Amino acid sequence: MTDIKSFTFEELKEIGAKLSWEKYRAQQVFLWLWQKGVNSFDEMTNLSKEFRDRLRKEYHISHLVPERRRESADQTTKFTFPLKDGLLVESVFIIDQNRRTVCVSTQVGCSLGCRFCATARMGFKRNLAWYEIVEQIQAVGREMKLAPTNVVFMGMGEPLFNWQEVAEAIRTINSNYGLKIGARRITVSTAGIPEGIHQVAEFPYQVRLAVSLNATTDAVRSRLMPINNRYPLKRLFSAVRYYVEKTKRRVTFEYVLIDGVNNLREDALRLVTILRDIPCKINLIPYNPIPGSEFKPPTLRSVENFAHILYPYLPAVTIRQSRGARISAGCGQLAVNLS
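Cut-offs used in this document
- Residues numbered from 1 in each chain as written.
- Predicted model: local features only at pLDDT ≥ 70, side-chain atom pairs only at ≥ 80, totals over all residues.
- Heavy atoms only, no water.
- Phe/Tyr/Trp six-rings, centres within 6.5 Å; stacked < 30°, edge-to-face > 60°.
- Helix = DSSP H or I, 4+ residues; strand = E, 2+ residues; numbered from the N terminus.
- Lys NZ or Arg CZ within 6 Å of the ring centre and 35° of its normal.
- Pairing = 2+ DSSP bridges.
- Axes fitted to C-alpha atoms, helices over the stretch in contact; angles between N-to-C directions.
- Contact = heavy atoms within 4.5 Å.
- Buried < 20%, exposed > 50% of the residue type's maximum accessible area, 1.4 Å probe, protein only.
- Right-handed = clockwise from strand over helix to strand, strands pointing away.
- Patch = residues over 30% accessible without salt bridge, like charges linked within 9 Å, V, L, I, M, F, W, Y side chains within 5 Å.
- Areas by Shrake-Rupley, 256 points an atom, 1.4 Å probe, with all protein chains shown as cover.
- Salt bridge = Lys/Arg side-chain N within 4 Å of Asp/Glu carboxyl O.
- Lys, Arg positive; Asp, Glu negative; His and termini not counted.
- Charge placed at Lys NZ, Arg CZ, Asp CG, Glu CD.
- Arc of directions from axis to C-beta.
- Parallel < 35°, antiparallel > 145°, perpendicular 65-115°, else oblique.
- Left-handed = near helix turned anticlockwise from the far one by under 90°.
- Nonpolar A, V, L, I, M, F, W, Y, C, P; charged D, E, K, R; others polar.

**Brief notes about the packing of aromatic side chains**
By the definition in use, this model includes 13 aromatic pairs. Geometrically, the ring pair formed by Phe237 and Phe253 is tilted, given 5.9 Å between the ring centres and 45 degrees between the ring planes. Here the residue Phe237 occupies a position in helix α9 (residues 233-247), and Phe253 occupies one in strand β12 (residues 251-257), the gap between them amounting to 16 residues. Of the aromatic side chains, those joined through ring pairs into one cluster are Phe9, Phe30, Trp34, Trp130, Tyr131 and Tyr177. We note Lys13 situated over the ring of Phe9; from NZ or CZ to the ring centre the distance is 4.9 Å. Of note, Lys36 hangs over the ring of Trp32, and the distance from its end group to the ring centre comes to 5.3 Å.

The structure is reproduced here in structure tokens:
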């Protein structure tokens with residue numbers, strides 16, 4: 001039996017037209033599925049019993065149920081969700097005053113092999129479908145009994161290697177018949193895929209772009225992020241400049257500080273030179289340790305010293321203390337044991 005949540009809004013309208021539904025039925029069904037988050041056709045109370053019976057004979061409604069849930073004292077909660085094929089994916093919910101953010105995954109595992117990231121050790125299993133991405137947000141909101149206000153595509157996987165599904169997820173997240181979360185409250189994070197950055201620039205939704213930079217030379221970045229061998233800094237920054245010019249929006253650069261590797265004074269000075277002419281915000285993120293890693297987090301003082309070098313030239317600098325590190329929910333810590 002087909003999962004009715006696997007149909008986009010446009011596909012649902014096409015199905016309705018073929019089955020001679022009234023034109024507004026697709027809108028009603030989609031709203032019940034995504035905005036109201038029902039788990040059964042019986043809950044679609046403004047549809048006739050006959051119509052609901054017809055739907056029930058042809059379709060079922062999927063929903064994610066967490067296998068594990070871990071909470072930390074800093075108002076961060078991590079969920080591990082089993083998928084229909086038995087694979088697992090993780091999502092994180094972060095409360096910060098009035099902001100309630102869901103960090104969603106776009107792939108099971110990841111193919112990029114970043115050496116400071118736990119997800120990389122899983123390898124790549126598969127892309128998530130758009131509705132599996134959106135269902136993470138629904139499930140987190142249902143479990144927390146709080147409506148999310150923000151979404152960041154910063155969980156497991158590289159969103160721009162699954163762009164078509166991510167784009168469809170964004171449409172539903174933003175839709176008046178979907179989750180109704182504003183586009184400017186949605187952030188897509190990438191390790192730096194130039195073709196994908198161009199696609200985000202052309203995307204007709206004002207989502208925000210974050211780029212995981214983490215180094216100021218190709219040698220160091222390739223050591224930390226092997227994808228840099230394929231897309232070196234020159235290509236990356238060409239795409240970033242295209243994005244800024246096309247959208248008139250600034251980009252956020254995520255910079256994970258690793259002691260003795262990319263947090264030296266020379267690194268900060270190079271960062272000033274590289275980013276000085278790009279409208280941007282910089283998030284400095286102290287490295288979150290993962291088991292078996294050779295890397296170490298920097299001291300707070302060294303993080304502050306790094307930031308102070310940047311401030312006179314790049315004033316939009318934030319030191320971001322990763323939330324949920326004690327429950328392995330921080331930046332670079334998402335991973336599940338699939339054995």
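**Quick look at the sheet that holds strand β4 (residues 76-82)**
Note on sheets: strands pair through backbone hydrogen bonds, and any given pair is parallel or antiparallel. On the basis of which strands lie adjacent, the open sheet formed by 10 strands has the order β3-β4-β5-β6-β9-β10-β11-β12-β13-β14 and mixed pairing. Edge positions in the sheet fall to β3 (68-72) and β14 (317-319), since each has one partner strand and no second. Ignoring strand direction, the axes of neighbouring strands in this sheet form an average angle of 20 degrees. With 3 bridges connecting them, strand β6 (residues 99-103) and strand β9 (residues 150-153) associate as parallel partners. Paired with Val102 across the strands is Val151, a residue of β9. The sheet contacts of helix α5 (residues 163-174) involve β9 and β10 (186-190), and relative to β9 the element is tilted by about 175 degrees.

**Considerations on the pairing of strand β13 (residues 280-286)**
In terms of burial, β13 is largely enclosed, as 6 of its 7 residues are buried. Inspection of the sheet shows β12 paired to β13 by 7 bridges, in the parallel sense. When the sheet's bridge partners are listed, Glu254 is paired in β13 with Asn283. Where the polypeptide runs from β12 across helix α10 (residues 265-275) and back to β13, its parallel neighbour, the crossover connection is right-handed.

**Overview of a positive patch on the surface**
Residues Arg99, Arg184, Arg185, Arg208 and Arg250 make up a contiguous surface patch of positive charge. As for its position among the elements, Arg99 is in strand β6.

**Things to note about the pairing of β12**
Where a strand is regular, its side chains alternate between the two sheet faces. Of all 7 residues in β12, 7 are buried, a share of seventy percent or more. Because side chains alternate across β12, one face comprises the buried residues Val251, Phe253, Tyr255 and Leu257, and the other comprises Thr252, Glu254 and Val256, equally buried. As judged from the 3 bridges shared by strand β11 (residues 208-212) and β12, these two strands associate in the parallel manner. Across the sheet, Ser212 pairs through a bridge with Glu254, a residue of β12.

**Digging into the environment of Ile137**
Turning to its location among the elements, Ile137 is positioned in helix α4 (residues 130-144). Separated by 11 residues in the primary sequence, Ile137 and Pro148 place their C-alpha atoms 7.4 Å from one another. Non-local contacts of Ile137, meaning those with residues more than four positions away in its chain, are made with Val102, Val104, Pro148, Val151, Ile173 and Leu179.

**Structural notes on the environment of Glu165**
Tracing the sequence through the fold places Glu165 in helix α5. Distance from Glu165 to Ala129, taken between C-alpha atoms, is 5.7 Å for residues 36 residues apart in sequence. The contact partners of Glu165, leaving out residues within four places of it in the chain, are Leu128, Ala129, Trp130 and Ile133.

**Some points on the pattern of salt bridges**
When the charged atoms of two side chains with opposite charge come close together, those side chains can pair. Per the stated rule, a full pass over the model turns up 21 salt bridges. Residue Arg56 pairs with Asp42 through a salt bridge whose shortest N-O separation is 2.4 Å. In this pair, Arg56 sits in helix α3 (residues 49-58) while Asp42 sits in the loop between α2 (25-34) and α3, placing the two residues 14 residues apart along the sequence. A salt bridge links Arg241 to Asp277, with the shortest nitrogen-to-oxygen separation between them at 3.1 Å. Linking Arg241 in helix α9 with Asp277 in the loop between α10 and β13, this pair joins segments that are 36 residues apart in sequence. Taking the relative accessible area as the measure of exposure, Asp277 reaches 52% and is therefore exposed.

**A few points about helix α11 (residues 300-310)**
Within the span of α11, buried status applies to Ser302, Val303, Phe306, Ala307, Ile309 and Leu310. Take α11 and look down its axis: the buried residues cluster within an arc of 155 degrees, on one side only. Each element contacted by the buried residues of α11 is listed here: β12, α10, β13 and β14.

**Looking at the packing of helix α1 (residues 9-18) against α2**
Two elements in contact, α1 and α2, have axes separated by 9 Å at closest approach and are oriented at 135 degrees. Regarding the angle of α1 to α2, the classification is oblique. The hand of the α1/α2 crossing is right-handed. In this structure, α1 uses Phe9, Leu12 and Lys13 to contact α2, whose residues at the interface are Ala26, Gln27, Val29 and Phe30. Here the contact of α1 with α2 is composed, by residue class, of 5 nonpolar, 1 polar and 1 charged.

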